[in-house]
Amino acid sequence: MKLDFVRPDASQLSFRLFDRALHPELFNRFAEAVLTAAEFRAVLQICDGGHKLEFQRGKDVLTEVMGPSDQELPDRGRCFGYRLRGCRDAAHALPGVVQYQCSTQIEQLDPEVFQEVHEELRRDARRAFLAYEFPALQRFCAPPLSIIHGEVGQRSLLIHAFHTFPESGTVLRTQSLFEF
């Protein structure tokens, strides 16, 4: 029996940061890419509710997870976590190694505005570092979309992620900065 994919509702998402790697079997991955540079390695994954980003520099690891609030993840190594509502900023530091800052914004748009933003993101997906278009739930509804852009600086990595939720007309934006 075939089960259709159902993306979690945007109102049920959380943003969490861990100071360790998380087991890959905890996530349903739909797309994955790796960014490597002399100073770091980053694994970017698009998951059912959002994304997972694992940043490693030497033996130090930070793992960012944006996904369903009810997703069971370990408490060990969790630096912070919060439900997504409006705009929020957070920061964390691994002493002397990595400075981390993130900004999240979740916004419900009018249907016409959502459609314009969604189409712009679809065009942008062609140039994105990582993108995935999920199956549409309804024939006349836009398919959910996730896009991740990465910018490598001399001593930093900047990640921009966009996730659309057509059923509710919601767009989720995150920006994560790793400085070392």
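No experiment lies behind these values; they were computed from the predicted model shown.

Points about the nonpolar core
Here is step 1 of the chain: If you look at the biggest cluster of nonpolar residues, it comprises 34 residues, and the most contacted ones within it are Phe 15, Phe 55, Phe 80, Leu 84, Tyr 100, Leu 157 and Phe 178.
Here is step 2 of the chain: Leu 84 has contacts with Leu 13, Ser 14, Phe 15, Met 66, Thr 104, Ile 106 and Leu 172, leaving out every residue within four places of it along the chain.

Remarks on the pattern of salt bridges
Here is step 1 of the chain: Scanning the model with the defined rule gives seven salt bridges in all.
Here is step 2 of the chain: Between Arg 57 and Glu 39 there is a salt bridge; the shortest N-O distance is 2.6 Å. With a gap of 18 residues between them, Arg 57 in strand E4 (residues 51-57) and Glu 39 in the loop between strand E2 (29-36) and strand E3 (41-47) connect regions that are remote in the sequence.
Here is step 3 of the chain: Judged by relative accessible area, which is 19%, Arg 57 ranks as buried.
Here is step 4 of the chain: Glu 107 is the salt-bridge partner of Arg 173, the closest N and O atoms lying 3.3 Å from each other. Of this pair, Arg 173 sits in strand E12 (residues 170-179) while Glu 107 sits in strand E8 (residues 98-108); the two residues are 66 residues apart in sequence, bridging distant segments of the chain.

Concerning the sheet that holds strand E7 (residues 87-94)
Here is step 1 of the chain: If you walk across this open sheet you meet the six strands as E7-E8-E12-E11-E10-E9, and the pairing is antiparallel. The open sheet has two edge strands with one neighbour each: E7 and strand E9 (130-133). Strand-to-strand, the axes of this sheet are offset by a mean angle of 10 degrees, without reference to chain direction.
Here is step 2 of the chain: Here seven bridges tie strand E10 (residues 145-152) to strand E11 (residues 156-165), and the two strands are oriented antiparallel to one another. Among the inter-strand pairings, His 149 is bridged to a residue of E11, identified as His 160.
Here is step 3 of the chain: Sitting on the sheet, helix H1 (residues 111-125) is in contact with E9, E10, E11 and E12, with an inclination near 55 degrees to E10.

Criteria and thresholds
Residues numbered from 1 in each chain as written. Predicted model: local features only at pLDDT ≥ 70, side-chain atom pairs only at ≥ 80, totals over all residues. Heavy atoms only, no water. Core = buried A, V, L, I, M, F, W, Y, C linked by side-chain atoms within 4.5 Å. Buried < 20%, exposed > 50% of the residue type's maximum accessible area, 1.4 Å probe, protein only. Contact = heavy atoms within 4.5 Å. Salt bridge = Lys/Arg side-chain N within 4 Å of Asp/Glu carboxyl O. Helix = DSSP H or I, 4+ residues; strand = E, 2+ residues; numbered from the N terminus. Pairing = 2+ DSSP bridges. Axes fitted to C-alpha atoms, helices over the stretch in contact; angles between N-to-C directions.

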